[in-house]
Amino acid sequence: MTLPPDSQPPTLPTPRPSPGRSGRGLPIGGVTALLLAGAWAGSTVYSAGQAEAISNRLSGTIDAALRSNNLGKVERHTFARGLSSSTDDVYLVLGEASGPTNGPMKLHLRNRIKHGPLPGLSAVGQAIVDTEVIWDDAGVQAAVDRAFGGKKPTLHTVIGLRGNTDATLSVPAGSYSDGQGKAAWQALGGQFQVSSAGRGVNGTLTWPGGSIKGADTQGMVELKDLRYVVDQQPYLAKLSQGKSSFTVASVTLPQGVGKMDTLNVTTTTAPSGTTMQSRTQATVASLDASGQKFSDLKLVLSASKLSSAALEELSGLVQTPEYRALTDQAAGKTDDAALGRLLADLTPILQKLLAGNPELRIDEVSGRTPQGRLRLALGAQVVNGDRIDLKPLLGQDTLKAGASNPELLGLLGNLKLSAEIEGQEAVIARLLGGSGNDTAASIAQSIDPMVQQGMITRTGDTLKTHLEFSQGGATINGKPFGQ
């Protein structure tokens with residue numbers, strides 16, 4: 001897959017052994033992440049003339065990503081350039097205590113590149129890139145080879161004439177045991193097409209699952225049928241629109257901890273006139289957590305009335321080197337002058353975003369317990385956003401003062417907040433009464449008086465209330481609060 005040279009690098013997980021183990025774990029997720037990182041670094045290396053310069057820049061970006069997340073570093077980088085083919089090696093040092101002797105884990109990503117226009121006489125395009133992960137420790141490499149049954153995880157990327165990429169990921173099935181436990185996984189596969197400097201992505205990743213078992217079955221963790229599908233297309237100059245979904249058939253945790261069945265997460269982003277809107281929905285068919293049983297769980301989040309023009313400008317700003325320097329966790333200090341310049345650039349963008357009166361909502365948090373169903377909805381919308389002056393609010397002194405600053409508290413007059421709670425009385429009474437909070441317990445004992453006062457409505461065995469705060473005033477079920 002190809003990401004633009006100025007895009008943020010992916011975060012790589014640091015493989016660590018489980019407590020009490022002397023060997024190194026070989027999780028399928030770690031190998032997959034490393035291969036994808038190799039693709040990100042290698043698939044953009046597409047012609048002999050500029051491959052080395054691009055590779056050097058990307059190696060530096062990977063190094064910055066590892067250091068800023070305290071995951072490791074790029075120890076060295078080599079590039080052997082040829083007229084029709086090149087080899088790119090990025091040597092990594094991960095972690096501080098990943099190996100059998102509590103030393104760092106060393107490995108490298110190797111990209112074998114065949115240059116176009118007919119790379120390897122097997123495709124029409126700029127290049128073909130084959131990526132592999134190689135462990136420097138011969139013992140670890142041998143263990144990896146055994147775990148995968150002598151097969152190699154591979155990532156094959158064809159880079160087209162227009163810079164679009166077609167990548168095929170394959171991680172073989174395998175197993176690993178260190179005497180105290182065993183991990184086993186089925187083969188993972190993926191196919192992705194990437195275009196428009198990473199803004200267009202279409203593909204599927206599937207994994208039938210895997211398990212980790214301790215010395216007894218009580219320590220088993222098992223995941224079944226993972227699937228990720230994305231269809232994302234470019235919109236305007238820097239934005240994207242489309243849909244993605246992530247599903248897992250089941251996740252089983254050690255005995256006594258719990259189990260989850262049928263997780264489904266779907267996100268949709270699309271333009272609406274001159275604005276963008278986004279919606280994310282997550283559902284779980286059933287959840288057993290430490291003996292507590294829930295079913296039909298749902299979470300729905302949405303954002304609307306977001307100015308497309310403002311989002312375009314914001315996307316450009318966060319890709320600037322100055323912004324990255326300020327957000328680099330490894331820096332350890334803030335450059336006040338640079339922060340001042342960034343805030344000066346950010347203010348008009350946020351001003352434009354607020355002028356459209358954007359709305360953020362938790363449309364639904366709901367679920368069913370053995371006692372019945374409960375639903376919660378929350379919303380926040382900017383009101384008269386075109387009248388808000390952000391200049392005095394985004395000064396460095398104001399930000400350092402925090403939430404206690406009266407300038408920030410004044411923004412409450414430009415917010416419309418809402419909350420709605422609905423559920424069967426037995427569920428609400430049990431949650432409030434068993435929360436351990438004295439106020440909540442008092443409310444649970446005062447439901448009947450609150451119904452009589454109109455603060456709660458009762459229909460059959462279902463209770464419902466709607467609270468709203470707007471322009472400095474609060475209402476409950478449409479009536480001014482306190483009356």
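Placed above this text is the structure.
Residues numbered from 1 in each chain as written. Predicted model: local features only at pLDDT ≥ 70, side-chain atom pairs only at ≥ 80, totals over all residues. Heavy atoms only, no water.

Honestly, the overall build of the protein chain in this entry has me stumped. Any pointers?
Helices and strands together make up the secondary structure of the protein chain, namely eleven helices and 22 strands. Scored against the burial criterion, the 483 residues of the protein chain give a buried share of 36%. Taking the intrachain contacts of the protein chain between residues at least 6 apart in sequence as the baseline, contacts between residues at least 24 apart amount to 54%. For the protein chain, the computed accessible surface area is about 24,700 Å², with 55% contributed by carbon and sulfur atoms. (Helix = DSSP H or I, 4+ residues; strand = E, 2+ residues; numbered from the N terminus. Buried < 20%, exposed > 50% of the residue type's maximum accessible area, 1.4 Å probe, protein only. Contact = heavy atoms within 4.5 Å. Areas by Shrake-Rupley, 256 points an atom, 1.4 Å probe, with all protein chains shown as cover.)

Could you clarify how one ought to interpret the packing of helix H4 (residues 308–317) against helix H6 (residues 336–355) in this entry?
When two helices pack together, their arrangement is given by the angle between their axes and by how far apart the axes lie. H6 packs onto H4 with a crossing angle of 160° between their chain directions and a minimal axis gap of 8 Å. For the element pair H4 / H6, the angle class is roughly antiparallel. Like other packed secondary-structure pairs, H4 and H6 cross with a definite hand, here left-handed. Touching Ala 309, Ala 310, Leu 311, Glu 313, Leu 314 and Leu 317 of H4 are Leu 342, Asp 345, Leu 346, Ile 349, Lys 352 and Leu 353, all from H6. (Axes fitted to C-alpha atoms, helices over the stretch in contact; angles between N-to-C directions. Parallel < 35°, antiparallel > 145°, perpendicular 65-115°, else oblique. Left-handed = near helix turned anticlockwise from the far one by under 90°.)

Explain the nonpolar core here, please?
Within soluble globular proteins, side chains that are nonpolar generally end up buried alongside one another. In this structure, Leu 66, Leu 92, Trp 135 and Trp 185 are the most contacted members of the largest nonpolar core, which totals 36 residues. Leu 306, Leu 342, Leu 346 and Ile 349 belong to the second-largest nonpolar core, a separate cluster that totals eight residues. (Core = buried A, V, L, I, M, F, W, Y, C linked by side-chain atoms within 4.5 Å.)

Help me out: how do you make sense of the layout of surface pockets in this one?
The method is simple in principle: a probe with the dimensions of a water molecule rolls over the atoms, and the space it marks as empty is what remains. In this structure, the largest pocket occupies an estimated 560 Å³ of space. Of all the elements in the fold, those that place two or more residues in the lining of the largest pocket are strand S15 (292–307), strand S16 (359–369), strand S17 (372–382), strand S18 (415–424), helix H9 (425–433), helix H11 (447–452) and strand S20 (462–470). In terms of residue count, S16 provides more of the lining of the largest pocket than any other element does, five residues in total. Residue composition of the lining of the largest pocket, by class: 18 nonpolar, four polar and five charged. (1 Å grid on protein atoms, 1.4 Å probe; cavity = no way out; pocket = protein on both sides within 12 Å on 5 of 7 lines; lining within 4 Å. Points joined across faces, edges and corners; volume = space filled by probe spheres on them. Nonpolar A, V, L, I, M, F, W, Y, C, P; charged D, E, K, R; others polar.)

Can you help me understand the pairing of strand S6 (residues 165–171) in this one?
Across a regular strand the side chains alternate sides, sitting on one face of the sheet and then on the other. Judged by which residues are buried, S6 turns out to be one-sided: Thr 165, Ala 167, Leu 169 and Val 171 face inward and are buried, whereas Asp 166, Thr 168 and Ser 170, on the alternate face, are not. For strand S5 (residues 154–159) and S6, the ladder comprises six bridges, and the chain directions are antiparallel. If you follow His 156 over to S6, its bridge partner there is Thr 168. Bridge analysis of S6 against strand S9 (residues 188–195) gives seven bridges, and the strand direction is antiparallel. Looking at S9, one finds that Thr 165 is bridged to Val 194. (Pairing = 2+ DSSP bridges.)

Explain the pairing of strand S1 (residues 72–81) to me, please; I cannot follow it from the model alone.
Relative to strand S2 (residues 85–94), S1 runs antiparallel, the two sharing nine bridges. Residue pairing across strands places Arg 81 opposite Ser 86, the latter belonging to S2. Counted along the chain from S1 to the antiparallel partner S2, the turn is three residues long.

Looking at this structure, I do not really get the environment of Ser 307. What am I missing?
Along the chain, Ser 307 turns up in strand S15. Residue contacts for Ser 307: discarding those within four places in its chain leaves Thr 274, Thr 275, Lys 352 and Leu 353. From its side chain, Ser 307 meets the backbone nitrogen of Ala 310 in a polar contact 3.2 Å long. (Polar contact = N/O pair within 3.5 Å; in protein donor to acceptor, adjacent residues only side chain to side chain.)

I keep staring at the environment of Gly 385 and nothing clicks. Help me out?
As for its position among the elements, Gly 385 is in the loop between S17 and helix H7 (396–401). Leave out the neighbours within four places in its chain, and Gly 385 touches Leu 354, Ala 355 and Asn 357.

In this structure, what is going on with the packing of aromatic side chains? I would like to understand it.
Working definition: an aromatic ring pair is given by the centre-to-centre distance plus the angle between the planes. This structure, assessed with the given rule, holds one aromatic pair. Seen in terms of ring centroids, Phe 148 and Trp 185 are 5.5 Å apart; in terms of plane orientation they differ by 65°. Their pairing is edge-to-face. On the criterion of sequence distance, the pair formed by Phe 148 in the loop between helix H3 (138–147) and S5 and Trp 185 in strand S8 (residues 182–185) is long-range, its members being 37 residues apart. By relative accessible area, which is 6% here, Trp 185 ends up buried. Against the face of Tyr 91 rests Arg 76, its NZ or CZ located 3.8 Å from the ring centre. (Phe/Tyr/Trp six-rings, centres within 6.5 Å; stacked < 30°, edge-to-face > 60°. Lys NZ or Arg CZ within 6 Å of the ring centre and 35° of its normal.)

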